[in-house]
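Coordinates in review
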Amino acid sequence: MEYSKLTSSNKNFLKRFSHKKRFLVASKLIEKYNPYTFLDYGTGDGEIIKYLHNVSKKKICLFEPVEKMRENLNVNIKNFSNIKIFEKSEEINKNFFDLISINEVFEHLTLEECKKTLNILKQAGKQNVKLIISVPIEVGLSSLLKNLIRILTNQTHQGTNLKNLIKSVFYFHIDRPNIPYNDSHIGFNYKKFIQFLIVEGIIINKITYSPFNLFKGIANTQIFIEANFND
């Protein structure tokens, strides 16, 4: 199945709305900094490009290691000659990017892989590189609402059961598989992730919630973090 069928083109209105809004929020945050050199790390099918303005005036790089994702990615960027795709992290330019976005990636990684990824981003960015990081909200009332929709639309994640649903609502710890890439969001806690970033020397400048910033973590689906490295 195409990734867009699970996100911005999902058959369920609420999921479709949520994902389209997160791409809109991400694009506005990226353009806020008006980067000349920009990297989208873990870009998936490159849907973010559709939401950016003046794409042809920027040097844009997209990193996507999954071959099936790159098939859709190549279709989405076929009209842009200034966009470069990296298949391996070793290919990414060093000390090159003004801004790096990494959306909906960290929740899939182990703690060790998260640390490795931060190191890759630090090497890729210029000294004052700006970071736009988004992760899903999978705890509290938001987790209950999201998982009910997943159950009703038959789009549940691995580990979806009554015990884990209750744990998610009350922010209790849920053991997650110790694998390099975990498809499931079950057990991810964005508050613990924020603390992880701080411990790793990331300076958090601002937090935005999507789709409705007013409700913060109570009834939203994603959190966006504007940050930079503590050099």
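Residues numbered from 1 in each chain as written. Predicted model: local features only at pLDDT ≥ 70, side-chain atom pairs only at ≥ 80, totals over all residues. Heavy atoms only, no water.

1. A few points about the overall build of the protein chain
- Counting its regular elements, the protein chain contains 7 helices and 7 strands.
- Secondary structure elements of the protein chain occur, N-terminal to C-terminal, as α-α-β-β-α-β-β-α-β-α-α-α-β-β.
- Across the 231 residues of the protein chain, 48% fall into the buried class.
- Looking at the protein chain as shown, the accessible area adds up to about 12200 Å², and 55% of this sits on carbon and sulfur atoms.
- Of the side chains in the protein chain, 33 bear a positive and 22 a negative charge, and the two mean positions are spaced by 6 Å. (Helix = DSSP H or I, 4+ residues; strand = E, 2+ residues; numbered from the N terminus. Buried < 20%, exposed > 50% of the residue type's maximum accessible area, 1.4 Å probe, protein only. Areas by Shrake-Rupley, 256 points an atom, 1.4 Å probe, with all protein chains shown as cover. Lys, Arg positive; Asp, Glu negative; His and termini not counted. Charge placed at Lys NZ, Arg CZ, Asp CG, Glu CD.)

2. Focus: the side chain of Ser210
- Within the secondary structure, Ser210 sits in strand 6 (residues 202–210).
- In contact with Ser210, not counting residues within four places along its chain, are Lys21, Arg22, Val25, Asn220, Thr221, Gln222 and Phe224. (Contact = heavy atoms within 4.5 Å.)

3. A few points about the side chain of Ser101
- Within the secondary structure layout, Ser101 lies in strand 4 (residues 97–103).
- On the basis of relative accessibility, which here comes to 0%, the residue Ser101 falls in the buried class.
- Polar contacts involving the side chain of Ser101 include one to the side chain of Asp40, which spans 2.4 Å.
- Look past the residues within four positions of Ser101 in its chain and what remains in contact with it is Ile30, Phe38, Leu39, Asp40, Tyr41 and Ile132. (Polar contact = N/O pair within 3.5 Å; in protein donor to acceptor, adjacent residues only side chain to side chain.)

4. Remarks on the packing of aromatic side chains
- Within the structure shown, the criterion is met by 9 aromatic pairs.
- Pairing Phe23 with Tyr51 gives two aromatic rings, centres 5.5 Å apart and planes at 20 degrees, and the pair type is stacked. Separated by 28 residues along the polypeptide, Phe23 in helix 2 (residues 13–32) and Tyr51 in the loop between strand 1 (37–41) and strand 2 (59–63) bring together distant segments of the chain.
- When the centroid spacing of 5.1 Å and the interplanar angle of 40 degrees are considered together, the rings of Phe106 and Phe193 count as tilted. Taken together, the residues Phe106 in the loop between strand 4 and helix 4 (111–124) and Phe193 in helix 7 (residues 190–199) connect sequence positions 87 residues apart.
- According to the relative accessible area criterion, Phe193 is buried, its value standing at 5%. (Phe/Tyr/Trp six-rings, centres within 6.5 Å; stacked < 30°, edge-to-face > 60°.)

5. Let's talk about the packing of helix 5 (residues 140–152) against helix 6 (residues 162–169)
- Running from N to C, helix 5 and helix 6 point in directions that differ by 150 degrees, and their axes come no closer than 7 Å. With respect to their mutual orientation, helix 5 and helix 6 come out roughly antiparallel. For the pair helix 5 and helix 6, contact is made by Gly140, Ser143, Leu144, Asn147 and Ile151 and by Leu165, Ser168 and Val169, respectively.
- A breakdown of the residues in the contact of helix 5 with helix 6 according to their chemical character gives 4 nonpolar, 4 polar and no charged. (Axes fitted to C-alpha atoms, helices over the stretch in contact; angles between N-to-C directions. Parallel < 35°, antiparallel > 145°, perpendicular 65-115°, else oblique. Nonpolar A, V, L, I, M, F, W, Y, C, P; charged D, E, K, R; others polar.)

6. Structural notes on helix 7
- Taken together, the buried positions of helix 7 are Tyr190, Phe193, Ile194, Phe196 and Leu197. For helix 7, the angular spread of the buried residues around the axis is 160 degrees, confining them to a single face.
- Residues of helix 7 that are buried make contact with helix 4, strand 5 (125–136), strand 6 and strand 7 (222–229).
- Sitting at the amino-terminal end of helix 7 is Asn189, which places a side-chain oxygen 2.9 Å from the backbone nitrogen of Lys191.
- Of the residues flanking the end of helix 7, it is Gly201, one or two places downstream, whose phi is positive at about 85 degrees. (Arc of directions from axis to C-beta.)

7. Some remarks on the nonpolar core
- Judged by nonpolar contacts, the single largest core of 34 residues is most densely connected at Leu39, Ile100, Phe106, Tyr190 and Phe193.
- Contributing elements (two or more residues each) for this core: strand 1, strand 2, strand 4, helix 4, strand 5, helix 7, strand 6 and strand 7.
- Residue contributions to this core peak at 5 residues, all from helix 7.
- Residue contacts for Phe106: discarding those within four places in its chain leaves Cys114, Thr117, Leu118, Leu121, Ile133, Val135, Phe188 and Phe193.
- Judged by nonpolar contacts, the second largest core, of 19 residues, contains Phe23, Leu29, Leu62 and Ile77. (Core = buried A, V, L, I, M, F, W, Y, C linked by side-chain atoms within 4.5 Å.)

8. Let's talk about the pattern of salt bridges
- Tallied over the full model, the rule gives 7 salt bridges.
- Between Lys116 and Glu113 there is a salt bridge, with its nearest N and O atoms 3.6 Å apart. With a gap of 3 residues between them, Lys116 and Glu113 both fall in helix 4, about one helical turn apart.
- With its nearest N and O atoms 2.8 Å apart, the salt bridge here joins Glu138 to Arg150. Placement of Glu138 in the loop between strand 5 and helix 5 and of Arg150 in helix 5 is noted, with a sequence separation of 12 residues between them.
- The network of salt bridges with shared partners includes Glu138, Lys146 and Arg150. (Salt bridge = Lys/Arg side-chain N within 4 Å of Asp/Glu carboxyl O.)

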